[in-house]
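Geometric and topological summary
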Amino acid sequence: MELDLSPRLPKKVYGGDGGSYFAWCPEELPMLRDGNIGAAKLALEKNGLALPRYSDSPKVAYVLQGAGTAGIVLPEKEEKVIAIKKGDSIALPFGVVTWWFNNEDTELVVLFLGETHKGHKAGQFTDFYLTGSNGIFTGFSTEFVGRAWDLDETTVKKLVGSQTGNGIVKVDASLKMPTPKKGDREGFVLNCLEAPLDVDIKNGGRVVVLNTKNLPLVGEVGFGADLVRIDGHSMCSPGFSCDSALQVTYIVGGSGRVQIVGADGKRVLETHVKAGALFIVPRFFVVSKIADSDGLSWFSIVTTPDPIFTHLAGRTSVWKALSPEVLQAAFKVDPEVEKAFRSKRTSDAIFFPPSN
């Protein structure tokens with residue numbers, strides 16, 4: 001069966017006045033199921049509340065648009081109430097309970113990427129809601145709820161039956177929601193648009209990598225992530241993950257061209273991408289991107305906590321390490337061509353600005 005790596009858009013799963021929840025489907029993007037990857041997006045309108053829930057999979061959340069508040073409760077820990085904004089990344093390990101709220105006029109949009117190896121469904125997140133019409137309370141009998149929380153039957157019925165919303169609700173504007181605490185962001189959030197750059201190539205591109213040093217909870221999630229931004233008409237060097245990791249890429253902004261080459265030198269994907277699309281690069285496949293005039297940015301997870309990439313262009317590429325005679329024989333070219341090939345791209349850059 002031919003591998004289909006075409007970028008896809010998410011489909012709406014549920015929603016209402018408060019907002020909507022979208023997910024990428026394994027049926028349309030088989031690499032999700034094959035690689036045990038989950039991908040989803042939450043969009044909240046003003047006063048929209050994503051009800052408290054926990055998931056069967058570890059995730060990284062990235063705020064694509066807007067600002068709001070997130071509540072995070074790690075197992076047997078106190079609640080952290082965090083102000084979130086565009087560019088924020090949050091690592092969400094197993095067992096964490098979260099809620100999300102938008103008190104601004106601008107829509108709050110949050111991307112979720114993660115692994116589903118231990119999930120109920122390969123390639124798909126399963127959330128367990130604490131409240132709402134599909135919350136865990138609705139599954140227990142009145143007797144069990146009453147005895148567990150020492151409540152009378154009347155109170156139990158009010159507690160369980162009052163919230164008829166499902167997953168996302170719109171909160172009355174008069175209800176005062178928790179105020180974020182500035183100190184609660186520390187150790188939980190890294191803003192990729194403000195963090196120190198790991199790579200910065202003039203007129204080329206910039207990279208911020210999420211790791212255990214700048215976001216400690218990444219170690220508990222078990223995979224790495226990064227935000228890459230390249231300038232107009234710049235190129236991201238062809239490269240591959242040499243430690244058997246999958247690359248899951250969401251296009252945050254701009255547009256551009258992508259090529260992926262797999263086994264036997266076969267180009268398995270050549271496409272044009274724009275904001276909102278998601279695609280997956282299989283293990284060991286080589287990928288390269290060229291931005292359009294408006295530039296190109298993407299947020300990715302790599303399914304290993306400390307990924308190792310091999311780039312095929314630039315001073316550190318494998319071509320620079322190979323002996324001249326080997327290159328001449330391998331390409332079947334004369335020394336002049338080999339020398340011209342080797343003498344190009346002598347910097348450490350992995351992003352190449354357009355030629356003048």
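Residues numbered from 1 in each chain as written. Predicted model: local features only at pLDDT ≥ 70, side-chain atom pairs only at ≥ 80, totals over all residues. Heavy atoms only, no water.

1. So, unusual backbone geometry
Here is the rule we go by: Numbering of helices and strands starts at the N terminus; helices are DSSP runs of H or I of at least 4 residues and strands are runs of E of at least 2. Burial status follows relative accessibility: with a 1.4 Å probe on protein chains alone, a residue under 20% of its type maximum counts as buried, one over 50% as exposed, and anything between as partly exposed.
In this structure, Asn36 is a non-glycine residue whose phi angle is positive, near 55°. Residue placement: Asn36 occurs in the loop between helix H1 (30-35) and strand E3 (37-44). A relative accessible area of 18% places Asn36 in the buried class.

2. With respect to the UniProt feature "domain: Cupin type-1" (unreviewed entry) in the protein chain
Note the cut-off: UniProt positions are given in the numbering used here, feature names are shortened, and annotations may be inferred rather than shown by experiment.
Under the feature "domain: Cupin type-1" (unreviewed entry), the UniProt entry names residues 3-157 and 195-339. The straight-line gap between the two end C-alpha atoms of residues 3-157 is 52 Å; of that span, 12% is helix and 45% is strand.

3. Some points on empty space enclosed by the protein
Selection rule: Think of a 1 Å grid over just the protein atoms. A cavity is a set of points where a 1.4 Å probe fits yet cannot get out, a pocket is an open set with protein on both sides within 12 Å along at least five of seven lines, and lining residues have an atom within 4 Å of a point. Grid points are joined across faces, edges and corners, and a volume is the space filled by probe spheres set on the points.
Using the criterion set out here, one finds 1 cavity of 30 Å³ or more in the structure. Considering only enclosed or pocket space, the largest cavity measures out at about 160 Å³ in volume. Taken together, 16 residues line the largest cavity, and the ones lying closest to its centre are Ser55, Lys59, Leu92, Thr98 and Asp127. For the lining of the largest cavity, the secondary structure elements donating two or more residues are strand E4 (48-55) and strand E9 (97-102).

4. Focus: the pattern of salt bridges
The condition that has to hold: Counted as salt bridges are all cases of a side-chain nitrogen of Lys or Arg within 4 Å of a carboxyl oxygen of Asp or Glu.
The tally for this structure, following the rule as stated, stands at 11 salt bridges. As a salt-bridge pair, Lys85 and Glu194 come within 2.8 Å of each other at their nearest N and O atoms. One end of the pair, Lys85, is in strand E7 (residues 80-85); the other, Glu194, is in the loop between strand E13 (189-191) and strand E14 (199-201), and 109 residues separate them in sequence. Given a relative accessible area of 33%, Lys85 falls into the partly exposed group. Residues Asp231 and Arg206 are paired through a salt bridge, measuring 2.6 Å at the closest nitrogen-oxygen approach. Of this pair, Asp231 sits in the loop between strand E16 (224-230) and strand E17 (235-241) while Arg206 sits in strand E15 (residues 205-210), and the two are 25 residues apart along the sequence. When its relative accessible area of 24% is taken as the criterion, Asp231 is described as partly exposed. Connected through salt bridges with shared partners, the residues Arg53, Lys59 and Asp127 form a single ionic network.

5. Description of the pairing of strand E10 (residues 108-115)
As a reminder of what qualifies: Only when DSSP finds a minimum of two bridges between them are two strands counted as paired.
The buried fraction of E10 amounts to 8 of the 8 residues, a majority that puts the element mostly inside the structure. The alternating pattern of E10 places Leu108, Val110, Phe112 and Gly114 and Val109, Leu111, Leu113 and Glu115 on opposite faces, both of which are buried. Inspection of the sheet shows E3 paired to E10 by 8 bridges, in the antiparallel sense. Looking across to E10, one finds that Ala39 is bridged to Leu113. As paired strands, strand E5 (residues 59-65) and E10 are joined by 6 bridges and run antiparallel to one another. Within the sheet, the bridge partner assigned to Tyr62 lies in E10 and is Leu111.

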